[in-house]
Amino acid sequence: MTPPLPLFVVGIGADGWDGLSPAARRELTAAEVLLGGARQLALLPAECAGERVPWPSPLRPAVPGLLAAHAGRRVCVLASGDPMFYGIGRTLTEVMAEEAAVRRPLRVLPHPSSVAYACARLGWAVEDTEVVTLVGRPAENLVRVLHDGMRVLVLSAGAGTPGEVAALLRERGFGPTRMRVLEQLGGAHEQLVEGAATGWDAPAGDPLNVVALDCVREPDAPRLPVVPGLPDDAYEHDGQLTKRHVRAATLAALAPAPGELLWDVGGGSGSIAVEWLRAHRSCRAIGVERDADRAARIGHNARALGVPALRVVHGAAPAALAGLPTPDAVFIGGGLTAPGLLDACWDALPPGGRIVANTVTLESEALLTQWYRRHGGELVRLAVAHAVPVGGFTGWRQAMPVTQWSAVKPPRPGAPEPGPQDTAAPSRSQDPS
Ligand SMILES: C[S@@+](CC[C@H](N)C(=O)[O-])C[C@H]1O[C@@H](n2cnc3c(N)ncnc32)[C@H](O)[C@@H]1O
């Protein structure tokens, strides 16, 4: 059987054909099929004689069909800038990983990304620059990276993004931030528009732009640190809030890692899920809350604190847990005595998954003691006291102590230990596909 032809992916910039390397030009000229956005296809000269197929919209569902339709032909995909940076390269690798029938080796020829261009123009080190994309995502995603002195590049969704970013910065107490909108980077019509977020009134410009931010916080604006234990007043709540010191200890026990999914059962104000999501941009979380007002408040807090991707399920656990994707960790902050809730959470966890449950009642504590005896883990009591004025003196005011059980689910009984055949040996290859 002849091996499948590679699929070439060529990055192209606003400078079009002139900015391409000889290798990229060679592939584009030799291609029988050219797939790409209409704007990118229009940048190619007539000598690229392959059949031009513009991407349909929506793109993702159409990709497997398009790859299948042109199997066996020399296909070159055009991408904007660096195809592997928030680009079509990722979509193609994901589709090919899912669908064996359209799989073929991928050869990517990158062009500088908009971030590389922007950093070059600004004299910013790429590694010191935080990048946030607002393409297809809400502007609130920006909040998580707003820190005094931070350099941020925002990948814009279009001409309206700079105005939207300015409004968000003003609203979050970052009005003095210097904004620089870099349009048509690398092209003949490259332009820079500059101003502070306060008073930003530039008319919508070119849709191809990135927004550079030198973040400046107003002195009285809330300061949101990067580690768990945000101030309690960072949250809107009705008293149903895991307070700061206990929350920090709870997040330490939950131990989030990139890409992991948390169920926050009895979400209350959503603080545990919010701080889980703030740990890393790839973390995912679902908050389950039976009270409608609180469920709505979880969404509000998530947007206010920069993690609008928090999924809120309004309903009572354990019934509301049915059908949710498998979690890596479960936190139970409410509903512990609901029949079957602890069992449902434990059963949903894969081997190695973590469970953490907090309570202030003796009834729930009795239950956690049983589970601790059965499954081990750690049972701890968190007693926080705050110093308060007592007449002309100072004394301790004790908060209700919180009992916390945390455990890791063991491997399934009888599951084989990983053998040498499961250990991937290092290898060297020209072809990563
Ligand atoms: C103490 S609060 C949790 C606080 C939360 N960790 C936070 O920081 O905002 C407990 C919450 O659990 C909710 N709850 C109680 N039983 C529940 C159940 N069976 N299913 C879903 N939510 C429940 C309550 O409505 C309440 O909002």
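Looking at an unreviewed UniProt entry, one finds the chain named Precorrin-6y C5,15-methyltransferase (Decarboxylating) subunit CbiE and attributed to Streptomyces yunnanensis. If you open the UniProt record of the chain and go to Pathway (unreviewed entry), you find "Cofactor biosynthesis; adenosylcobalamin biosynthesis."

I keep staring at the environment of Phe 85 and nothing clicks. Help me out?
Note that Phe 85 resides in the loop between strand E4 (75-80) and helix H4 (88-98). Placed 17 residues apart in sequence, Phe 85 and Val 102 show a C-alpha to C-alpha distance of 22 Å. Apart from residues lying up to four places away in sequence, Phe 85 is in contact with Ser 113 and Val 115.

Sorry if this is basic, but what is going on with the nonpolar core here?
Among soluble globular proteins, nonpolar side chains are generally buried collectively. The biggest cluster of nonpolar side chains holds 73 residues, and the ones touching the most others in it are Ala 118, Val 154, Trp 276, Leu 310, Val 330 and Phe 331. For this core, the element with the most residues is helix H8 (residues 271-279), which contributes six residues. Each of domain 2 (115-214) and domain 3 (232-408) gives at least three residues to this core. Those residues in contact with Trp 276 that lie beyond four places of it in its chain are Leu 251, Leu 254, Pro 256, Leu 262, Cys 283 and Ala 285. Counting 25 residues, the second-largest nonpolar core is a separate cluster that includes Ala 24, Leu 28, Ala 79 and Leu 109.

Quick question: what am I supposed to make of the site of the ligand here?
Lining the immediate surroundings of the ligand are 22 residues, of which Gly 266, Gly 268, Gly 333, Gly 334 and Gly 335 lie closest. Listing elements by their share of the shell around the ligand, those giving two or more residues are H8 and strand E12 (284-289).

Looking at this model, I keep getting lost on helix H1 (residues 22-30). Mind explaining?
Among the residues of H1, Ala 24, Glu 27 and Leu 28 are the ones counted as buried. Burial along H1 is one-sided: seen end-on, the buried residues are contained in an arc of 95°. In this structure, H1 carries Pro 22 and Ala 23 as exposed residues pointing more than 90 degrees from its buried face. Lining the buried residues of H1 we find strand E1 (7-12), strand E2 (33-36), E4 and strand E5 (106-109).

What exactly am I supposed to notice about the domain arrangement of the chain here?
The assigned domain composition of the chain is domain 1 (7-111), domain 2 (115-214) and domain 3 (232-408). The centre of domain 2, based on its C-alpha atoms, is set 35 Å off from the matching centre of domain 3. The interface is formed by five residues belonging to domain 2 together with six residues belonging to domain 3. In the side of domain 2 that touches domain 3, the residues fall into two nonpolar, one polar and two charged.

Just to check I follow, could you spell out the environment of Pro 110 for this structure?
In this structure, Pro 110 sits in the loop between E5 and helix H5 (114-122). On a C-alpha basis, the gap between Pro 110 and Arg 412 in space is 45 Å, while along the polypeptide they are 302 residues apart. Aside from chain neighbours lying at most four places away, what touches Pro 110 is Gly 11, Asp 82, Pro 83 and Met 84.

So what exactly am I meant to see when it comes to the sheet that holds strand E14 (residues 329-332) here?
In a beta sheet, neighbouring strands are held together by backbone hydrogen bonds and run either parallel or antiparallel to one another. Spatially, E13-E12-E11-E14-E15-E19-E16 is the arrangement adopted by the seven strands of the open sheet, whose pairing is mixed. At either margin of the open sheet sits one strand with a lone partner, and together these are strand E13 (311-314) and strand E16 (378-382). Between one strand and the next, the sheet's axes are offset by a mean angle of 15°, whatever the strand orientation. Relative to strand E15 (residues 354-359), helix H7 (residues 244-254) is tilted by about 160°, and along the sheet it contacts strand E11 (261-265), E14, E15, E16 and strand E19 (402-408).

Looking at this structure, I do not really get the pairing of E19. What am I missing?
Residues in a regular strand point their side chains to alternate faces of the sheet. E19 sits mainly inside the fold: six of its seven residues count as buried. Here six bridges tie E15 to E19, and the two strands are oriented antiparallel to one another. The partner of Val 356 across the bridge, within E19, is Ser 406. Across five bridges, the pairing between E16 and E19 is antiparallel. Bridge assignment links Glu 378 to a residue of E19, and that residue is Ser 406.

Would you mind going over unusual backbone geometry with me for this structure?
Residues apart from glycine generally show negative phi values, whereas peptide bonds are mostly found in trans. Pro 58 follows Ser 57 through a cis peptide bond whose omega is 0°. Relative to the helices and strands, Pro 58 resides in the loop between strand E3 (51-54) and helix H3 (63-69). Cis rather than trans, the peptide bond between Ala 317 and Pro 318 has omega equal to 10°. Relative to the elements of secondary structure, Pro 318 occurs in the loop between E13 and E14.

Before we go on, may I ask you to explain the packing of H7 against H8 in this structure?
Packed helix pairs are specified by the crossing angle of their axes together with the interaxial distance, meaning the distance between the axes. Following both chains from N to C, one finds H7 and H8 inclined at 55°, their axes separated by 10 Å at the closest point. In terms of their interaxial angle, H7 and H8 are classed as oblique. As H7 packs across H8, the resulting crossing turns out to be right-handed. Only Ser 271, Ile 272, Glu 275 and Trp 276 of H8 make contact with H7, whose side of the interface consists of Arg 247, Thr 250, Leu 251 and Leu 254. In terms of residue class, the contact of H7 with H8 is built from four nonpolar, two polar and two charged.

Looking at this structure, I do not really get the UniProt feature "domain: Tetrapyrrole methylase" (unreviewed entry) in the chain. What am I missing?
This chain's UniProt record puts "domain: Tetrapyrrole methylase" (unreviewed entry) on residues 7-195. Helix and strand shares over residues 7-195 are 27% and 23% respectively, and the end C-alpha atoms of the span are 43 Å apart.

Looking at this model, I keep getting lost on the sheet that holds strand E8 (residues 178-183). Mind explaining?
A sheet is described by the order of its strands in space; here five strands give the open sequence E6-E7-E10-E8-E9, paired in mixed fashion. Both outer strands of the open sheet, strand E6 (130-133) and strand E9 (191-196), are each paired with one neighbouring strand and no more. Strand-to-strand twist in this sheet, taken as the mean axis angle between neighbours without regard to direction, amounts to 20°. As paired elements, E6 and strand E7 (residues 151-155) share four bridges and run parallel to each other. The residue of E7 that forms the bridge with Val 132 is Val 154.

What counts and how
Residues numbered from 1 in each chain as written. Predicted model: local features only at pLDDT ≥ 70, side-chain atom pairs only at ≥ 80, totals over all residues. UniProt positions renumbered as here; feature names shortened; annotations may be inferred. Helix = DSSP H or I, 4+ residues; strand = E, 2+ residues; numbered from the N terminus. Contact = placed C-beta atoms within 7 Å. Core = buried A, V, L, I, M, F, W, Y, C linked by C-beta atoms within 7 Å. Buried ≥ 20, exposed ≤ 12 C-beta atoms within 10 Å, placed from the backbone. Domains from an automatic or database assignment. Near = placed C-beta within 6 Å. Arc of directions from axis to C-beta. Nonpolar A, V, L, I, M, F, W, Y, C, P; charged D, E, K, R; others polar. Pairing = 2+ DSSP bridges. Axes fitted to C-alpha atoms, helices over the stretch in contact; angles between N-to-C directions. Parallel < 35°, antiparallel > 145°, perpendicular 65-115°, else oblique. Left-handed = near helix turned anticlockwise from the far one by under 90°.

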